[in-house]
Structure formats: structure tokens, C-alpha cells
Amino acid sequence: MSHGAEPAAERPAPVPGLPRSVLADTVLERLTLLYPTAADPVRARSAAAYMKQVAPFLGIPTPRRRALSRSVLEGTARPAEPDCAAIALRCWALPEREYQYFAADYLRRHVARCSSGFVPVLRHLVTTVPWWDTVDLLAAHVAGPLVAAGPELRRTMDEWIEDDDLWIVRTALLHQLRLKEATDARRLFAYCLRRADHPDFFIRKAIGWCLREYAKTDPQAVRDFVDGARDRLAPLSVREATKHL
């Protein structure tokens, strides 16, 4: 998924308190020893350019990175929520992007062990060194399951859709991306209309993407919504939403 927009200026985000975690100590020690052994400076330059220089890279191909991640995690205990927070926050504090990919994959695997109390950490991750490569994973595979498990967090998403930070808005739009029949269609359509006039490419693209994804579950509902809102939706959003209708 490649976008032509330039990275937005970083917004300072309050850093949640870093929990103490022996598990995080072990994981980060292994991670920072193993990942650099597979670094490829040529690939790193290419990856950084592709991601619009949002962060430096080690240059590890995805299959190799995931194999190294399995070695890092071999024999480690299942995390509690503070361990998830500590691992994610410490990975986000490292400069190279692959460490943040590791954290996003780790949270995706263990999100069921987190509660609504994880939201301040999630917000920090979304708004720190933000770009689509990490934000979209966090939206669909961390925010989405958290909201599905804790319906009270729908109010949080209602607040996030109104946010000034485009990455927080994008997270709110995309958090139902994988929910299929469990999608709250009323809320999805309301979010799309609420930010339909947003000037940023990433928001207009996200509106179309979440509609296109829901169309796999209820194509008629999406068709009816787009037909009724065509004069309010950006052409990009309409094209993306109706690509397979």
C-alpha cells in the first residue's frame, strides 16, 4: 500500500508510565541482539525511502524478521497487560522501524490480554512516529479487538473520530475493518459522514477502504449509503468504496 502524501508533522504525545516488566527486559535484550544481525544497509535505505523517511530501518525482509521474532519469543511466558505495554513502549522508543513492527505484531497476538486500560498506550503508539504502516495494524488488530471486547470503548472511538490528529481519526475509521458481521454499520456510516470533508488523503482513503471492506459483508448497505451520500463523499472515497461493487 503506497501513498503519495508526505508524513505529517509529528505531534508530541504524552508518554504513559512505563510499567516494570521482567518479560519486557528479556524480550528487548534478545530483540536488540538478534535483529541487528540481519541488518542490510542497502535494503534499509530503500525501505526508508518507500516509507517517506518516517523512520530509519534495519533493512530486514519480513520473512526473516518474523523468523527472528520467533527466536526472540521462544520459551517466553504469556504476557499480562503491563508486559504488553512495556514491550510496545520500549520498542517504540527505539529508532529503527522494525522494532515497532515487532511490537505491533506482538500486540496483535496478545491483544486479548489487554483491557480498556490499554487505550492511553495505544494512543501513544498511534501518534508517535505515525505512518500508515504501523497505524493501520494498530487500528484493525489492536483498537478493533479492544472495542469489540469492551463496548464502553465505543465512546472513545466517538471521541477519536472528532480528534485533530489525522492518525487518531484514521484509527477510529479503520477500527472495525476486520469485524465483518459484528460491524456497527450505523457507527461506521456516521464516522464516514462526519469526516467526509476532511482534506487529508489518508482520511479520504480510509473512508473508502472501510466502506469497501464492509461491502464484502453487506454490499447492498454500502451501495445504498454511497448512493445517498455521494454528494458529500470525496471522489477518492467513492472510488475506493465502490471498487468491487
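The following paragraphs examine the structure supplied in this document. Keep in mind the model is a prediction, meaning the values are calculated, not measured.

1. Let's talk about the nonpolar core
A general trend in soluble globular proteins is that nonpolar side chains are found buried together. Ranked by internal contacts, the top residues of the largest apolar core, which has 85 residues, are I87, F102, F118, L122, L173 and L211. When sequence neighbours within four positions are dropped, the list of residues in contact with L173 reads I161, L188, Y191, C192, I203, A206, I207 and C210.

2. What to know about unusual backbone geometry
Backbone geometry at K52 places phi at a positive 60°, although glycine is not the residue there. With respect to the element layout, K52 can be found in the loop between α2 (41–50) and α3 (62–73). On the accessibility criterion, K52 (27% relative accessible area) is partly exposed. Phi at V129 is positive, roughly 50°, even though this residue is not glycine. Secondary-structure assignment places V129 in the loop between α6 (119–127) and α7 (132–149).

3. A closer look at the environment of P130
If you trace the backbone, P130 turns up in the loop between α6 and α7. Taking relative accessible area as the criterion, P130 reaches 5% and is therefore assigned buried. Between the alpha carbons of P130 and L174 there is a distance of 15 Å; along the sequence they are 44 residues apart.

4. With respect to the layout of surface pockets
By volume, the largest pocket amounts to about 450 Å³. Around the largest pocket, the lining comprises 19 residues; the ones closest to its centre are M51, T62, R65, Y101 and D133. Taken together, the residues of the lining of the largest pocket sort by class into nine nonpolar, three polar and seven charged. The calculated volume of the second largest pocket comes to roughly 200 Å³. Taken together, R65, R66, S69, R70, L73, F102, D105, Y106, R108 and R109 form the lining of the second largest pocket. For the lining of the second largest pocket, the secondary-structure elements that each account for two or more residues are α3 and α5 (97–110). Among the residues forming the lining of the second largest pocket, the class breakdown is three nonpolar, one polar and six charged.

5. Section: the packing of α6 against helix α9 (residues 166–174)
It is the contact of α6 with α9, at a shortest axis distance of 9 Å, that shows an interaxial angle of 120°. As judged from the angle between their axes, α6 and α9 are oblique. Between α6 and α9 the crossing geometry is right-handed. Across the interface between the two elements, R123, V126 and T127 of α6 pack against W167, I168 and T171 of α9. For the contact of α6 with α9, a count of residues per class yields three nonpolar, two polar and one charged.

6. Re α7
When the terminal C-alpha atoms of α7 are compared, their 24 Å separation across 18 residues agrees well with the 26 Å that a helix rising 1.5 Å per residue should span. Roughly 35° is the biggest bend found in α7, and it falls at A139. In terms of burial, α7 is a largely internal element, 14 of the 18 residues being buried.

7. Observations concerning the side chain of R212
Looking at the secondary structure, you find R212 in helix α11 (residues 201–215). Judged by relative accessible area, R212 falls into the buried class, the value being 17%.

8. Some remarks on empty space enclosed by the protein
As enumerated under the stated definition, the model contains one cavity of 30 Å³ or more in all. Taken as a whole, the largest cavity encloses approximately 30 Å³ of empty space. Taken together, the elements giving at least two residues each to the lining of the largest cavity come down to α6, α7 and α8 (154–160).

9. Topic: the packing of aromatic side chains
Between two aromatic rings, the relevant description is the distance of the centres plus the angle of the planes. Tallying each qualifying case throughout the model produces 10 aromatic pairs. Ring geometry for W167 and F202: centres 4.9 Å apart, planes at 55°, overall tilted. Residue W167 is located in helix α9, and its partner F202 is located in helix α11; the two are separated by 35 residues in the primary sequence. Each member of the aromatic cluster is reached from another via a ring pair, and the members are Y35, Y99, F102 and Y106.

10. Here we look at the environment of R65
Structurally, R65 is set in helix α3. For the pair R65 and T127, spaced 62 residues apart in the sequence, the C-alpha separation amounts to 24 Å. Those residues in contact with R65 that lie beyond four places of it in its chain are Y35, I60, E98, Y101, F102 and D105.

What counts as what
- Residues numbered from 1 in each chain as written.
- Predicted model: local features only at pLDDT ≥ 70, side-chain atom pairs only at ≥ 80, totals over all residues.
- Heavy atoms only, no water.
- Core = buried A, V, L, I, M, F, W, Y, C linked by side-chain atoms within 4.5 Å.
- Buried < 20%, exposed > 50% of the residue type's maximum accessible area, 1.4 Å probe, protein only.
- Contact = heavy atoms within 4.5 Å.
- Helix = DSSP H or I, 4+ residues; strand = E, 2+ residues; numbered from the N terminus.
- 1 Å grid on protein atoms, 1.4 Å probe; cavity = no way out; pocket = protein on both sides within 12 Å on 5 of 7 lines; lining within 4 Å.
- Points joined across faces, edges and corners; volume = space filled by probe spheres on them.
- Nonpolar A, V, L, I, M, F, W, Y, C, P; charged D, E, K, R; others polar.
- Axes fitted to C-alpha atoms, helices over the stretch in contact; angles between N-to-C directions.
- Parallel < 35°, antiparallel > 145°, perpendicular 65-115°, else oblique.
- Left-handed = near helix turned anticlockwise from the far one by under 90°.
- Expected span 1.5 Å × (residues − 1).
- Bend = angle between axes of the 7 residues up to and from the residue.
- Phe/Tyr/Trp six-rings, centres within 6.5 Å; stacked < 30°, edge-to-face > 60°.

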